[in-house]
Every structure is written in structure tokens, then in C-alpha cells.
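Spelled out from the first residue to the last, the chains are:
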Amino acid sequence: MKKLLTACLAVLVLAANAQEKATKWYDNIKLSGYGMLQYQAEDKDGEHHNEFNLRLARFIIDGKIGEFDYRAQIQGTNAKGPGEPTVQLVDLYAEWVKYKAFRVRAGQFKRAFTFENPTHPITQGWYSYANVINALSGFGDRTGEKSSGGRDIGLQVQGDLLKTAAGRNLLHYQVGVYNGEGINTKDKDNRKDIIGGLWVMPFDGVRIGAFGWTGSRAGIGGKNRYALSAEYDKNEFTFRTEYLHSQGKGADASLGDKADGWYVFGIVPVVKSKLHAKARYQCYRKAKEWDSSKTMYEVGANYFFTPKLQLNLEYARVNDRSIADSDKHNYNFVDVELDFRF
């Protein structure tokens, strides 16, 4: 991985020197990153636990070469569990950005599916993306695909259209073609995933959209998914809801070929730029039946010491009907995070 990143950076430096002769190459490069430290506890019957965890550490290189933007991002996480850290390349792409109505991105990046998937893990505001996003948007996917952070390797076209007199865009589209295997993996069945999204922005801060996904994964077979989304995000008020539906076999054949889920949340400022209160309701049905559902009722707060340092607190009451013993369906969950950027 270290050799790969070194080679990628060397190529970018050479290209920058060749095409930006009047500017030193390092003037067009931005280095940044962030860390997310976590404590979690839950009292599930027979499985009580509490633990400190290193949720994420990421290091990012952003830059520009002529009419192209690029990004390289590596991640360190305890995804496999304590003592088994994973370091991997999560983003590596270039995007032609000459026209806002027609931008072309190639490489490894976020799939064009749902509003929540591309949201930054810190600004997303919760201990994790919603369970349905994790299961049906390429994180720890239902198909058994390794955790890919909602990413894949491919080619995407996107753009903003129909400006108002004030210069605000009314319509956004994005269409991508991907391997369908997740990050750092070649296509194993020579069949591509096609994912598209379209949303309208009728008012400042409002998005209403729909997404579609058709494709396959080697050894699992075909999958077809869609999502319906709505969001208001302005002046530190954020409200978002999405419904996702999937048809196609999962890694666990006993669950059948359908799954769905939804979430709705609100984050509002109590003290502007300092303290936010939040609440979220979410449900994921891994077999599209109520006896397979996991529902969470969550409340919490996010406190900002500075714009780049925040403390997140969250409590959830969980109802997991997939647990065989009905007396064990309900339990409590607590998450505390210290997140910082640099």
C-alpha cells in the first residue's frame, strides 16, 4: 500500500510540473485528514460489553492539475476488531471539472447512491451511517462485499443544471458504471453495476431525489435497488429521510431476496456553532419482514469545542426482532466520540 501511494503521488507531481509551469506543484496540493475516537457500550442480554475504539483515521491529498481535480485518501481503522487494524486506499480518482453541467470522474470513489452515502463521517453527525445505508449502499453490504465505505471503482458523469436568476441550480444528475465488487478489487464476473441519481432543489437548502442501481456480484448474482430521498440542510438545521429497497440474493441465502429500510433524523442548533441536539429513528429489515427488523430510537448532542474539534454523545433504545428469544429483543446502546480534523 505504501509503494502504491508513493507511486500515485509521484505521477501527480510529474503531471503538475508539466502542465502548471507557472506554478510550483505544491501550490496546488492540499494535505488534510481527521481522526475519530470512540467509546461504546450496550447491555444486550448475555452480551454486555463496553469498549474504547479507534473508529477512523484518514489522510487526504487533494489537488488540481489544469482542468482536473484529484484526490488520494488512505484510511486506518479497527474494522476487523481491536488488535486487527486495517489500512487501505479508499479514494483515488481524477475529475474533469471544466463544465459544472458535465463533470467526468474516473477511479475509486463514492457510489452515486443515496444522499447519506457521500456525507462526511464527521458532519453526518451520528455514531454511524444508518443501518440500511450500511447494508444496501456498499459499506458492510448485504451481498457480503467487504466494507467499502460506499465506494467502488468506475466512471461517473454528473452535473448541475437549470440555474435560477440568483445563480442557484435547480437540478442535479449523476450516472456511474462500476465493477460492482467494492474497493481495491477488480471485476470478477465481467458484469458492471450501473447506478444513477436525480434530484431537484426547489428551495435553498432543500433536495428531493431518487436513485436506481442494477448490477451483480460474483458468486451472489444480480441485484436491483432503489432509494427515495429528501433533505433540508441550512443554517445548521439538518433534516433528512431516505427509504431503500433491495431485490437480489444476499450472502445469507436464508434471508431471501428482498430487504428494505428507512431512517429519518433531525439535527438542530441549541447554541449556534457550539451545541446541536439530535434525534433519529431508523429501521432495517434484512429479509423485508418485521421479524427480521432492527429498529433504533436515538437521541443525543454534538458539542463543538472549535470548528475542527467536537464531542458527540448518543443514546439509543434498540429493538432487534432478529434475535430468536423475544425476551432479548430490547436493549440500550451508548456511543461517545471525540472527532477532530487537521
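Keep in mind that what you see is a predicted model, and the values were worked out from it rather than measured.

Novice: Would you explain the nonpolar core in this entry?
Specialist: For soluble globular proteins, the rule of thumb is that nonpolar side chains tend to be buried together. Counting 26 residues, the largest nonpolar core has Phe-113, Val-132, Ile-133 and Leu-244 as the members making the most contacts within it. Within the residue set of this core, elements represented by two or more residues are helix 2 (131-136), strand 8 (193-200), strand 9 (206-217) and strand 12 (258-271). With residues up to four places along the chain from it excluded, the contact list for Ile-133 reads Thr-114, Glu-116, Gly-138, Phe-139, Glu-242, Leu-244 and Tyr-263. Counting six residues, the second largest nonpolar core, distinct from the first, contains Tyr-127, Ala-316, Val-318 and Phe-333.

Novice: Would you explain the side chain of Thr-295 in this entry?
Specialist: Within the fold, Thr-295 resides in strand 14 (residues 293-306). Those residues in contact with Thr-295, other than ones at most four positions away along the chain, are Tyr-281, Gln-282, Cys-283, Arg-317, Val-318 and Asn-319.

Novice: Hey, could you run me through the pattern of salt bridges in this one?
Specialist: Any two side chains of opposite charge can pair, so long as their charged atoms come close to each other. A complete count under the given rule lists 22 salt bridges for this structure. A salt bridge links Arg-151 to Asp-91; the shortest N-O distance between them is 2.9 Å. Placement of the pair is Arg-151 in strand 6 (residues 151-163) and Asp-91 in strand 4 (residues 86-99), with a sequence separation of 60 residues. We note that Arg-151, like Asp-91, is buried. Arg-103 serves as the salt-bridge partner of Glu-95, at 3.6 Å between the closest nitrogen and oxygen. Across the pair, Arg-103 and Glu-95 agree in class, each one buried. Within the structure, one salt-bridge network assembled from shared partners comprises Glu-95, Arg-103, Arg-105 and Asp-160.

Conventions and cut-offs
Residues numbered from 1 in each chain as written. Predicted model: local features only at pLDDT ≥ 70, side-chain atom pairs only at ≥ 80, totals over all residues. Heavy atoms only, no water. Core = buried A, V, L, I, M, F, W, Y, C linked by side-chain atoms within 4.5 Å. Buried < 20%, exposed > 50% of the residue type's maximum accessible area, 1.4 Å probe, protein only. Helix = DSSP H or I, 4+ residues; strand = E, 2+ residues; numbered from the N terminus. Contact = heavy atoms within 4.5 Å. Salt bridge = Lys/Arg side-chain N within 4 Å of Asp/Glu carboxyl O.

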